[in-house]
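Close look at the chain arrangement
Each chain is listed here by its residues.
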Amino acid sequence: MTEMLFGELQGQPLAQRLLVAALENRRLAPAYLFSGPDGVGRRLAALRFLEGLLGGGHSTPRERRRLEERNHPDLLWVEPTYNHQGRLIPRSEAESMGVSKRTPPQVRLEQIRELSRFLARQPLQSPRGLVILEQPEAMAEGAANALLKTLEEPGHGLLILLSAAPERLLTTIRSRCQQIRFTRLSEECMRSVLAQLPEGQGEQALGLAASHPELLALAAGSPGALLDHVRMWDSIPEELRQRLRILPTTPLQALGLARDVSEQLEGDQQLWMINWWQHHLWNASSQPERLKRLDRLRQHLLSFVQPRLAWEVALLNLIET
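Below: a short report on this structure. Think of each chain on its own: its residues are numbered from 1, step by step along the sequence as written. pLDDT decides what is reported in this predicted model: residues at 70 or higher carry local features, side-chain atom pairs at 80 or more are listed and counted, and totals for whole chains, interfaces and linings draw on all residues regardless. No hydrogens and no water enter the side-chain calculation; it runs on all heavy atoms of the structure.

1. Quick notes on the overall build of the protein
Starting at the N terminus, helices and strands are each numbered in turn, a helix being any DSSP run of H or I of at least four residues and a strand any DSSP run of E of at least two. A tally of helices and strands in the protein yields 16 helices and 7 strands. We compute the radius of gyration over the C-alpha atoms and compare it with the globule rule, which gives 2.2 Å times the number of residues raised to the power 0.38. The C-alpha radius of gyration of the protein comes to 21 Å, within 12% of the 20 Å expected for a compact globule of 321 residues. For the protein, the spread of C-alpha atoms along the three principal axes comes to 65 × 40 × 35 Å. Within the protein, the proportion of its 321 residues that are buried is 48%. Looking at the protein alone, contacts between residues at least 24 apart form 71% of all its contacts between residues at least 6 apart. The rule is simple: take the accessible area with a 1.4 Å probe, protein chains only, and divide by the maximum for that residue type; under 20% is buried, over 50% is exposed, in between is partly exposed. The contact criterion used throughout is that any non-hydrogen atoms of two residues lie within 4.5 Å.

In structure tokens form, the structure reads like this:
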């Protein structure tokens, strides 16, 4: 019966077996690290795992709905935020609220403190407090240290970290979590997942990826990632995409491109464009030095260097390679 909870999860047999066994044997770790690429089922698995915990291993439509809508009184869902006019705006709400995304979102110290207080309190309806923390690798040092302290004294709550880059977490954080690994899907499994999406979204994404193979390479076996890459591709002005296909050849061209990229694209779009550009340049010339220069550009942007300056330096350096 418990296995039916994970009927929608495709291509993750090992993760499914581990989670089913934990529910059936009622042997739960205080903290889990669901690691693996974005878009391969980590979030779905976490929801179904919590549903099984609340329902005693059985599927309960009411609990499923409350968890998916994130309105269960004993569930806290934490995701990276933008600091906007003195308020922390979750990443998922930023676009609808018109928040500038010039800098990447972060998991902040005050969010980890709230998480710790939530786990310490008595649950209202479930056996324990439940927390899902998305993208913990986006924590600053202070937040990471606060999370480590919480993991050292977990209490009776249950914490699930969803990370696509677990290597960027403190080793001490990883060691205090039971890791559940999620793998990339085969192309056949990807197509199966995408085919189930409404209104032909999956087929449209595969059609665009067939014309732009870099998108399929970026997705790397993740149907969710492919959908995100297609959405991001559509959000980049065509004129900029065309200019980035060919490296600038003069300092004037480099400075003009740096100006237009930094003015026209939000921070998350700039970071995405770097990933796409690396795939494109590698396919075109296979010159590792160019990729290293773009890696430095990415690090500068993530370190909150002024974007236009970071792009100017990177593009001027690329002229020399």
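2. Some remarks on the packing of helix α9 (residues 201-211) against helix α11 (residues 223-235)
Helix axes are fitted to C-alpha atoms over the stretch in contact, other axes to C-alpha atoms as well, and angles between N-to-C directions run from 0 to 180 degrees. Contact geometry of α9 with α11 gives a least axis separation of 10 Å together with a crossing angle of 65°. Judged by the inter-axis angle, α9 sits roughly perpendicular to α11. Read as a crossing pair, α9 and α11 show a hand that is left-handed. Mapping the contact onto sequence places Gln201, Ala205, Leu206, Leu208 and Ala209 in α9 and Leu226, Leu227, Val230, Trp233 and Asp234 in α11. Each residue is assigned to one class: nonpolar for Ala, Val, Leu, Ile, Met, Phe, Trp, Tyr, Cys and Pro, charged for Asp, Glu, Lys and Arg, and polar for all the others, Gly among them. Classifying every residue of the contact of α9 with α11 by side-chain character gives 8 nonpolar, 1 polar and 1 charged. Angles below 35 degrees are treated as roughly parallel, those above 145 as roughly antiparallel, those between 65 and 115 as roughly perpendicular, and all remaining angles as oblique. By definition, turning the near helix anticlockwise from the far helix through less than a right angle yields a left-handed crossing, and turning it clockwise yields a right-handed one.

3. Thoughts on the pattern of salt bridges
One speaks of a salt bridge when a side-chain nitrogen belonging to Lys or Arg is within 4 Å of a carboxyl oxygen belonging to Asp or Glu. Per the counting criterion, the structure on display carries 24 salt bridges. The salt bridge involving Arg70 is made with Glu79; its shortest N-O contact spans 3.3 Å. Taking the relative accessible area as the measure of exposure, Glu79 reaches 7% and is therefore buried. One connected set of salt bridges, linked through shared partners, spans Glu8, Arg48, Glu51, Arg64 and Glu68.

4. Section: the packing of aromatic side chains
Pairing of aromatic side chains here covers Phe, Tyr and the six-membered ring of Trp, requires ring centres within 6.5 Å, and sorts the geometry by plane angle: under 30 degrees stacked, over 60 edge-to-face, intermediate tilted. Overall, the coordinates contain 4 aromatic pairs when judged by the stated rule. Both rings, one in Phe34 and one in Phe182, keep their centres 5.4 Å apart while their planes meet at 40°; by these two values the pair is tilted. Residue Phe34 is located in strand β1 (residues 31-35), and its partner Phe182 is located in the loop between β7 (178-181) and α8 (187-195); the two are separated by 148 residues in the primary sequence. Under the relative-accessibility criterion, Phe182 is labelled buried at 4%. These aromatic residues form a ring-pair network of at least three members: Tyr32, Phe34, Phe49 and Phe182. Above the plane of the ring of Trp77 lies Arg70, whose end atom (NZ or CZ) is 3.9 Å from the centre. In this analysis the charged atom, NZ for Lys or CZ for Arg, is taken to sit over a ring once it is within 6 Å of the ring centre and within 35 degrees of the ring normal.

5. Focus: the packing of helix α5 (residues 109-120) against helix α6 (residues 141-152)
One way to put it is that α5 packs onto α6 with a least axis distance of 8 Å and a crossing angle of 15°. As summarised for this structure, α5 and α6 are arranged roughly parallel, according to the angle between their axes. Relative to α6, the crossing made by α5 is right-handed. Side by side, α5 and α6 meet where Leu109, Ile112, Leu115, Ser116 and Leu119 of the first sit next to Gly142, Ala143, Ala146, Leu147 and Thr150 of the second. Tallied by class, the residues present in the contact of α5 with α6 amount to 7 nonpolar, 3 polar and no charged.

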